[in-house]
Amino acid sequence: MHSRAQPKGNSVGYIAATFDDMTLVLDQDEAEAVKDTEDLGSEGFTDASNRLVVVEHDGESVPVFRLSRTFQPEDGASRAFVLIAKAGNERLGLMCDNVRTIRTNQVRLEQLPACMQTAATHAISIAHLQDAIGFHCPADVLMQMTYTQQTDRHGDR
C-alpha cells in the first residue's frame with residue numbers, strides 16, 4: 001500500500017460515503033455513527049430553509065454539512081444519511097446519499113499521482129473499491145477541508 005493517507009493501526013475496515021456522485025472512504029474507527037435523516041426527529045435541528053444543520057449525538061450538537069464533490073458547502077434538500085465522523089475530540093456530520101462498510105481487503109489505496117500533488121496537498125489517496133473509485137481521507141483532513149471551505153464562504157466561523 002503506497003498511500004499518504006494510511007489507515008490508523010489495524011483498521012477492521014472502511015466506511016464508503018457517497019455524496020454528489022463522489023465516494024469518500026474513511027477508516028471505520030473514524031466513523032462514529034450513521035443516522036437515517038428520516039429517523040432524526042428531535043435529534044436534528046434545521047435552519048430557516050428547513051435544511052438539517054445540527055444533529056444531537058452523544059449529548060452534544062454536531063454540525064452537519066451538505067457538500068459538493070469539490071467539498072464546497074451547497075444548499076439543497078437533506079440527503080438520506082448523516083455520517084458522524086470523529087477526529088480526536090471533534091465531530092462532524094456529513095450528509096450522504098449512501099453509506100456502507102467495506103472490508104480492508106476489498107480496498108486498494110494508491111498515492112495520488114505526482115501531477116495532483118503540491119506541498120499544500122492534503123494526505124488523501126485514491127481508493128480502488130470493487131465497484132468504484134473514491135478517495136481515502138482521514139477524518140482530521142475531512143474536517144480541515146470542510147471548515148476551510150466554511151470559513152472561505154462565510155468569513156470567520
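A. Representation of the sheet that holds strand S1 (residues 13-19) in the model. Across the sheet, six strands lie side by side as S9-S1-S2-S12-S11-S10; this open sheet has mixed pairing. At either margin of the open sheet sits one strand with a lone partner, and together these are strand S9 (98-103) and strand S10 (108-111). Neighbouring strand axes in the sheet, compared pairwise and without regard to direction, differ in orientation by 35° on average. Relative to S9, S1 runs antiparallel, the two sharing six bridges. Looking at S9, one finds that Ile15 is bridged to Thr101.

B. Representation of unusual backbone geometry. For Asp20, which is not glycine, the phi torsion reads 50° and is therefore positive. A residue is classified by how much of its surface remains accessible, and Asp20, at 22% relative accessible area, is partly exposed.

C. The pattern of salt bridges, seen in detail. For the structure shown, the criterion picks out ten salt bridges. Of the charged contacts in the structure, one is a salt bridge between Asp58 and Arg91, with a shortest N-O distance of 3.5 Å. In this pair, Asp58 is assigned in the loop between strand S5 (52-57) and strand S6 (60-65) and Arg91 in strand S8 (residues 90-96), connecting sequence segments 33 residues apart. Owing to a relative accessible area of 61%, Asp58 belongs among the exposed residues under this scheme. By relative accessible area, Arg91 is classed as buried at 17%.

What counts, and where the lines are drawn
- Residues numbered from 1 in each chain as written.
- Predicted model: local features only at pLDDT ≥ 70, side-chain atom pairs only at ≥ 80, totals over all residues.
- Heavy atoms only, no water.
- Pairing = 2+ DSSP bridges.
- Helix = DSSP H or I, 4+ residues; strand = E, 2+ residues; numbered from the N terminus.
- Axes fitted to C-alpha atoms, helices over the stretch in contact; angles between N-to-C directions.
- Buried < 20%, exposed > 50% of the residue type's maximum accessible area, 1.4 Å probe, protein only.
- Salt bridge = Lys/Arg side-chain N within 4 Å of Asp/Glu carboxyl O.

It is worth stressing that arrangement in space is one thing and function is another; only the former is reported here.
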